[in-house]
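Here is what each chain is made of, one letter per residue.
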Amino acid sequence: MIDVAKRLHSVEEYYFSKKLREVNLLIASGKPVINLGIGSPDLSPPQKVVDTIANSLFDSNAHKYQSYQGLPELRDAMAGFYKEHYQVNLSPKTDILPLIGSKEGIMHISLAYLNEGDAVLIPNPGYPTYQSVTKLVQATPIFYDLDKRNNWLPDIKALEQLDLSKVKLMWVNYPHMPTGAVPTAMAFRELVEFAKRHRILIVNDNPYSFILNDSPMSILSVEGAKDVCLELNSLSKTFNMAGWRVGMVVGQSEHINNILKVKSNMDSGMFYGIQKGAIEALKCSKMWYVTLNSVYKKRRELIWQLAESLNCTYDVKATGLFVWAKLPAYLKAEEFIDLVLKEHHIFITPGTIFGSQGEGYIRFSLCAQTEDIEEAIARIK
């Protein structure tokens, strides 16, 4: 056998990759499993987006290698999207880099800025990929706790008490996944000031702005944020294009150029047709968001009923594609979801996969048909 790289010993297979094998085995054996664990949109993209990609297949440039920086008109559309929805001015030539899904941006940014031994501030609870990528590039994760008492926002005073001497990068994610907490202008200003004091690059991972949220916000709207902040964004949730893999990283041109040095050595550009479809998506009118959220609002009300049937509590002000629910005090998250899966054939995500602060919580996805959620409620009752 050939030994694997040492970096692989620092990470495990992604939780959903393992757990879904178990779920799929149950389904294969005839069990009617309802999946409320995964945040993969089951709705369709706008029809004009689908039509655009189909029609683009006949363009003369459709099947060639594409620019590492994406089509100029895609960057124009991304800049217009940020101006319209976040009131943030970006140069389409220098401040935007389209990505093959924003998830790849986590790796590209880490490779661009982290050396072995550098430290990274990672939210707990938070998206597991922040930790795994940090370990893969042989940097050191330093977890900062988020909790309900502070509305799941960073506690700057607590951060100041940490040893920040080796910290080079900080991940934040607002609106927050998994809790659905929304940022405040003050919280973003405090983060920018904190980053400037300690020469830390903050990256806000921002794919959930438009799901059940009336006030989309970008960290780059804070004065001076471009000096110390980047933002990742995605079309996956907003336009039901998760499998298309379209995202972006935006910020100061110097940061974008550094990330491009990595990205240009990792792929050969995004497929032309997907870029053309993305341009159309970014031009959607407000009616698209109203229609999308009307579906999710109805589903969320049903998920609240399901949570109550399981004796869980939740925050009605939370946003995003999930419902973050508190278990009764005596229950453990993973034991609970395994019991519900075994007895009722309903798969729910345990909060612990997002960090130790997720113990005692479970996460429901809104990416399921109303009929399935109603069936789940009936099974519990």
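This text goes with the structure placed above it.
> Give a description of the nonpolar core that names residues and reports values.
Formed by 127 residues in total, the largest nonpolar core has its most connected members in Leu36, Ile109, Met170, Trp171, Phe239 and Phe364. Ranked by the residues each element gives to this core, the list is headed by helix H10 (residues 286-309), at nine residues. Ignoring any residue separated from it by four or fewer positions in sequence, one finds methionine 170 in contact with Leu121, Tyr144, Leu159, Leu191, Phe194, Ile200, Leu201, Ile202 and Val203.

> Provide a residue-level description of the packing of helix H4 (residues 102-113) against helix H5 (residues 128-136), including the pertinent values.
Two elements in contact, H4 and H5, have axes separated by 10 Å at closest approach and are oriented at 35°. Crossing of H4 against H5: the hand is right-handed. Seen from H4, the contacting residues are Lys103, Ile106, Met107 and Ser110; seen from H5, they are Thr129, Tyr130, Val133 and Leu136. Looking at the contact of H4 with H5 residue by residue, the classes come out as five nonpolar, two polar and one charged.

> With reference to specific residues and values, describe the pairing of strand S4 (residues 140-145).
Both strand S3 (residues 119-124) and S4 contribute to a ladder of six bridges, which runs parallel. Paired with proline 123 across the strands is tyrosine 144, a residue of S4. Where the polypeptide runs from S3 across H5 and back to S4, its parallel neighbour, the crossover connection is right-handed.

> Kindly report on the packing of H4 against helix H8 (residues 253-263), identifying the contributing residues and their values.
Following both chains from N to C, one finds H4 and H8 inclined at 100°, their axes separated by 8 Å at the closest point. By the angle between their directions, the pair H4 and H8 is classed as roughly perpendicular. Residue-level inspection shows Glu104, His108, Ile109, Leu111, Ala112 and Tyr113 of H4 in contact with H8, the latter providing Glu254, His255, Asn258, Ile259, Val262 and Lys263.

> So what's going on with the pattern of salt bridges? Residues and values would help.
The full count for this structure, using the stated rule, is nine salt bridges. For the salt bridge of lysine 168 with aspartate 118, the shortest nitrogen-to-oxygen distance reads 3.7 Å. Remark: aspartate 118 occurs in the loop between H4 and S3 and lysine 168 occurs in strand S5 (residues 167-172); sequence separation between them is 50 residues. One salt bridge in this structure joins aspartate 267 and lysine 263, with 2.7 Å as the shortest N-O distance. Assessed through its relative accessible area of 14%, aspartate 267 is described here as buried. Judged by relative accessible area, lysine 263 falls into the buried class, the value being 2%. Salt bridges here are not isolated pairs; linked through shared partners, they connect Glu104, Lys263 and Asp267.

> Now, about the state of the cysteines: what can you tell me, with residues and values included?
Scanning the model with the defined rule gives zero disulfides in all. Just so you know, cysteine 312 is unpaired, no disulfide at all, and the nearest cysteine sulfur is the one on cysteine 367, 19 Å from it. In this model cysteine 367 remains outside any disulfide bridge; the closest cysteine sulfur is found in cysteine 284, 18 Å from its own. Among the residues examined, cysteine 367 registers a relative accessible area of 10% and is labelled buried.

Criteria and thresholds
Residues numbered from 1 in each chain as written. Predicted model: local features only at pLDDT ≥ 70, side-chain atom pairs only at ≥ 80, totals over all residues. Heavy atoms only, no water. Core = buried A, V, L, I, M, F, W, Y, C linked by side-chain atoms within 4.5 Å. Buried < 20%, exposed > 50% of the residue type's maximum accessible area, 1.4 Å probe, protein only. Helix = DSSP H or I, 4+ residues; strand = E, 2+ residues; numbered from the N terminus. Contact = heavy atoms within 4.5 Å. Axes fitted to C-alpha atoms, helices over the stretch in contact; angles between N-to-C directions. Left-handed = near helix turned anticlockwise from the far one by under 90°. Nonpolar A, V, L, I, M, F, W, Y, C, P; charged D, E, K, R; others polar. Pairing = 2+ DSSP bridges. Right-handed = clockwise from strand over helix to strand, strands pointing away. Parallel < 35°, antiparallel > 145°, perpendicular 65-115°, else oblique. Salt bridge = Lys/Arg side-chain N within 4 Å of Asp/Glu carboxyl O. Disulfide = S-S within 2.5 Å.

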